[in-house]
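Here is what each chain is made of, one letter per residue.
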Amino acid sequence: MCEITNRVIKLRKYMAKKDVDAVIIFSEDAHQSEYVSEYWKGREYISGFSGSAGVALVTRDKAFVWTDGRYFLQASNQLEETPFEMMKLATDGCPTLEEWLNENLCVGAKISFDGRTISKSNFDNLKNKLKDINPIFMIGEDLLDVIWRERPNPIFNKLRILPDDITGESANSKIDRVIKDIEKVGATGYFISSLDDIAWLLNLRGSDVDMNQVFMSYAYISNVFKYIWLSEQALSEEVVEYIKRTGFEIKCYENINYDLENICEHKIYLDNSKVNVLQYNILNQKNDIVVGSSIIAPLKAKKNATEVDRMRDVHIRDGVAMVRFLSWLYNHMNEQAKSLDDEFLESKYPRYEKIDEADIADILWYFRSQGDKILSPSFDTIAGYGANGAIVHYKPEKEIAMPIEKDNLLLIDSGAQYEDGTTDITRTIAIGELTREQKENYTLVLKAHIAFSIAKFLYPTFSSKIDMLARNVMWQEGKDYKHGTGHGVGFALNVHEDPPTTRESSNTVLEKGYIMSNEPGYYVENNYGIRIENLVCVVDYKSTNDGVFYQFENLTMCPIDKRPIVIEMLDKEEIQWLNDYHKQVYTKLSPLISNVEREWLKKATKAI
């Protein structure tokens, strides 16, 4: 019997004891975070599916995991030989979680879940969609706690202060701006539970969630009160004194729900997509609640001039690491090439010896780790060779990692957290000879990437229009990719940041200072995957009688593999863009690398 099956059996026994008909296990933590610490990975614990998005359902005799198109292949593999069946979101013929519950549970059924892990807005949506069966929701207990004996403890690492010369604005200035916006929405106070919002507001950073510079906290701000809930373990004398200077009173993180019961203000503003339903219910007992989107998110997303300059510098450092890595990879795979003079790598990965996908992730991190002000990866490196490249969020595990052979594509999506910035880059590398089909699809993805990069747009423009510019290149050939063309990126914060997102349905207006990804792709299941990603910043283009126009500035500095390109598929403007981009990459990076690496970079950026 597999361990997952054993866990499900134990959970069902406890469900029977508590007279529960169904248990829903969400992916989020108490702050509705995308990436969570080990303590909150209940869905992964019970099902074995490790993707960042999804929801699990366990009933007395059935078990399912719902996830989106990014994870269909990964979930299919990880759920094999477990009691769980994969359910595909936004797929014809596949019921949603709510549809399945309506069709299979009786009126008045008892549904249990940890109320900390679902936002008030998502709870209301769930409740509304299940009104026909009118279930009893049991949201005060996390049933997994009973069977998860080895559950990791919550993490509270030490905080650090980001100085104003890195952030470009003091915490006190940000606080004043937020208080003014609270008054504009007709509220007297603002309860904040989003971790990156609090980190931005106070110019503090932490490491409580792997690969994200955030820390476990809550905050409340008004003209009268300023509270921040933190664990004592996270505090140093320097940080305590700093927080006091911002006017905030420090409270115990573990006492948050008790303290919320004692907050009485006329109108409290909150983002009900980020506040969990348990805490919403506590605040709603004594206060009028004003619901809206995050006040901080749009302020945080519009990077100031200092932040943009820092991100430019960070991407040069990151580009150096990428070039060193790509040069090493070329030399390792090409028997005619000179070996780089690097005793550490040569001793661990001798030339001509086979390396696998997990090695790729480790070696890339080795090169990044040599850089200045480096902290950690910004997410788990995706290194997918051949068929694994078609798994959009594939994470190589050493036990099953595929060796890097010849004659296929290697997709590497990676990034890093620096003290002064965050990076995210994808390159698809030709290993050996490719088929004509692979080259044509690679070139289509490049054309889509360029279409995004060269866009000029009138303010205000919805980001969905930019998505269309890139995606239309694929659509003309009857092809598509099941993810957005881009997402926002934080400044020394989360690698995924709202509100910028470039999807077909997005209603985000692109603002000057937004930093976001440009990453169209194409994936052939069980064969190969292609994605090319740069980070870009929205900057000025020109102002005319017709309005203000913006364009994108490329921040990412790294060669795009030219070997798979079918040159005759590119028009003159596209060729010019690629040559100009590569000239910029060479100019900025060549003085910072060794002679061997410079020789490789010169070839990699040579005009076509």
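A short tour of the structure in this document, coming up. (Residues numbered from 1 in each chain as written. Predicted model: local features only at pLDDT ≥ 70, side-chain atom pairs only at ≥ 80, totals over all residues. Heavy atoms only, no water.)

### As for empty space enclosed by the protein
Right, so step 1: Taken as a whole and judged by the stated rule, the model has four cavities of 30 Å³ or more.
Right, so step 2: Taken as a whole, the largest cavity holds about 140 Å³ of empty space.
Right, so step 3: Together, 16 residues line the largest cavity, and I25, D114, T117, D142 and L144 are the ones closest to its centre.
Right, so step 4: Element by element, the count of residues in the lining of the largest cavity is highest for strand β1 (residues 22-25), at three residues. (1 Å grid on protein atoms, 1.4 Å probe; cavity = no way out; pocket = protein on both sides within 12 Å on 5 of 7 lines; lining within 4 Å. Points joined across faces, edges and corners; volume = space filled by probe spheres on them. Helix = DSSP H or I, 4+ residues; strand = E, 2+ residues; numbered from the N terminus.)

### Topic: helix α9 (residues 195-202)
Right, so step 1: By the criterion of burial, α9 is predominantly enclosed, with eight of the eight residues buried.
Right, so step 2: Residues L195, D196, D197, I198, A199, W200, L201 and L202 constitute the buried set of α9.
Right, so step 3: After α9 finishes, the residue N203 shows a positive phi value of roughly 55°. (Buried < 20%, exposed > 50% of the residue type's maximum accessible area, 1.4 Å probe, protein only.)

### A closer look at the environment of I360
Right, so step 1: Residue position: I360 is located in helix α16 (residues 357-369).
Right, so step 2: With 36 residues separating them in the primary sequence, I360 and P396 have C-alpha atoms 9.1 Å apart.
Right, so step 3: The residues contacting I360, other than those within four sequence positions of it, are F325, L329, I355, A383, I404, L410 and I412. (Contact = heavy atoms within 4.5 Å.)

### Notes on the sheet that holds strand β16 (residues 382-385)
Right, so step 1: The strand order β16-β17-β20 describes an open sheet built from three strands, whose pairing is antiparallel. The open sheet has two edge strands with one neighbour each: β16 and β20 (425-431). Neighbour to neighbour, the strand axes of the sheet diverge by 10° on average, direction disregarded.
Right, so step 2: As judged from the four bridges shared by β16 and strand β17 (residues 408-414), these two strands associate in the antiparallel manner. Residue pairing across strands places Y385 opposite L410, the latter belonging to β17. (Pairing = 2+ DSSP bridges. Axes fitted to C-alpha atoms, helices over the stretch in contact; angles between N-to-C directions.)

### With respect to the packing of aromatic side chains
Right, so step 1: Going through the model one piece at a time under the given rule, you end up with 22 aromatic pairs.
Right, so step 2: Plain terms: the ring middles of F156 and Y253 are 5.4 Å apart, the flat faces sit at 65° to each other, and that makes the pair edge-to-face. A residue pair is termed long-range when its members are at least 10 positions apart, and F156 in the loop between α6 (144-147) and β7 (160-161) and Y253 in the loop between β12 (249-252) and α11 (256-261) qualify at 97 residues. Of the two residues examined, F156 and Y253, each falls in the buried class.
Right, so step 3: An aromatic cluster is defined as three or more aromatic residues linked by ring pairs; in this entry it consists of F452, F457, Y459, Y550 and F552.
Right, so step 4: Of note, K251 hangs over the ring of Y227, and the distance from its end group to the ring centre comes to 4.9 Å. (Phe/Tyr/Trp six-rings, centres within 6.5 Å; stacked < 30°, edge-to-face > 60°. Lys NZ or Arg CZ within 6 Å of the ring centre and 35° of its normal.)

### Comments concerning the pattern of salt bridges
Side-chain pairs of opposite charge can arise where the charged atoms are in close proximity.
Right, so step 1: This model, assessed by the stated rule, comprises 42 salt bridges.
Right, so step 2: A salt bridge links E597 to R324; the nearest nitrogen and oxygen atoms lie 2.9 Å apart. You can see E597 sitting in helix α20 (residues 595-604) and its partner R324 sitting in helix α14 (residues 305-333), a full 273 residues away along the chain.
Right, so step 3: One connected set of salt bridges, linked through shared partners, spans D114, R116, D142, D145 and R151. (Salt bridge = Lys/Arg side-chain N within 4 Å of Asp/Glu carboxyl O.)

### Here we look at the side chain of R531
Right, so step 1: Looking at where R531 falls in the secondary structure, it is placed in strand β26 (residues 528-531).
Right, so step 2: Only 3.5 Å separates the side chain of R531 from the backbone oxygen of V392, close enough to count as a polar contact.
Right, so step 3: A distance of 2.9 Å separates polar atoms of two side chains, one belonging to R531 and the other to D413. (Polar contact = N/O pair within 3.5 Å; in protein donor to acceptor, adjacent residues only side chain to side chain.)

### Describing the pairing of strand β11 (residues 226-230)
On any regular strand, side chains alternate: one points to one face of the sheet, the next to the other face.
Right, so step 1: Most of β11 sits out of view: five of its five residues are buried.
Right, so step 2: Here β11 shows a buried face lined by K226, I228 and L230 and a second buried face lined by Y227 and W229.
Right, so step 3: By the bridge criterion, four bridges tie strand β10 (residues 218-222) to β11 in an arrangement that is antiparallel. The residue bridging Y218 from the neighbouring strand is W229, located in β11.
Right, so step 4: Between β10 and the antiparallel strand that follows it, β11, lie three residues.

### Looking at the packing of helix α19 (residues 572-589) against α20
Right, so step 1: Across the interface, α19 lies against α20 with an axial gap of 9 Å and an inter-helix angle of 165°. Classified by the angle their axes make, α19 and α20 are roughly antiparallel. Note that α19 runs across α20; the crossing there is left-handed. Here H582, V585, Y586 and L589 of α19 come into contact with α20, specifically with R598, L601, K602 and A604.
Right, so step 2: Partitioning the contact of α19 with α20 into residue classes produces five nonpolar, one polar and two charged. (Parallel < 35°, antiparallel > 145°, perpendicular 65-115°, else oblique. Left-handed = near helix turned anticlockwise from the far one by under 90°. Nonpolar A, V, L, I, M, F, W, Y, C, P; charged D, E, K, R; others polar.)

### Observations regarding the sheet that holds strand β19 (residues 421-422)
Right, so step 1: The three strands are arranged β15-β18-β19 in an open sheet whose pairing can be described as antiparallel. Edge positions in the open sheet fall to β15 (374-377) and β19, since each of these has one partner strand only.
Right, so step 2: Packing against the sheet, α16 makes contact with β15 and β18 (416-418), and its axis sits at approximately 165° to β15.

### Notes on the state of the cysteines
Note: disulfide means a covalent bond formed between the sulfur atoms of two cysteine side chains.
Right, so step 1: Tallied over the full model, the rule gives zero disulfides.
Right, so step 2: No disulfide involves C558; its nearest neighbouring cysteine sulfur is the one of C537, lying 19 Å away.
Right, so step 3: On the basis of relative accessible area, C558 is assigned to the buried category, the value being 0%. (Disulfide = S-S within 2.5 Å.)

### Examining the side chain of Q438
Right, so step 1: Mapped onto the elements, Q438 comes out in helix α17 (residues 436-453).
Right, so step 2: What makes Q438 buried here is its relative accessible area of 4%.
Right, so step 3: Within polar-contact distance, the side chain of Q438 engages the side chain of N408 at 3.0 Å.
Right, so step 4: Sequence-distant contacts of Q438, defined by excluding residues within four places in its chain, comprise N408, L409, N527, Y528 and I530.

### Looking at unusual backbone geometry
Right, so step 1: The step from Y459 to P460 runs through a cis peptide bond, and the omega angle for that step is 0°.
Right, so step 2: Assignment of secondary structure puts P460 in the loop between β21 (456-458) and α18 (463-475).
Right, so step 3: In this structure, the amide linkage connecting D498 to the following residue, P499, adopts the cis form with an omega of 5°.
Right, so step 4: Among the structural elements, P499 can be located in strand β23 (residues 497-502).
Right, so step 5: Positive phi values are uncommon outside glycine, yet D19 reaches one of about 60°.
Right, so step 6: Phi is positive for D407, close to 70°, though the residue is something other than glycine.

### Some thoughts on the packing of helix α8 (residues 171-184) against α9
Right, so step 1: Where α8 contacts α9, the two axes come as close as 7 Å, and the packing angle between them is 120°. Compared by their axis directions, α8 and α9 come out oblique. Here α8 contributes A171, K174, I175, R177 and V178 to the contact with α9, which in turn contributes W200, L201 and L202.
Right, so step 2: Classifying every residue of the contact of α8 with α9 by side-chain character gives six nonpolar, no polar and two charged.

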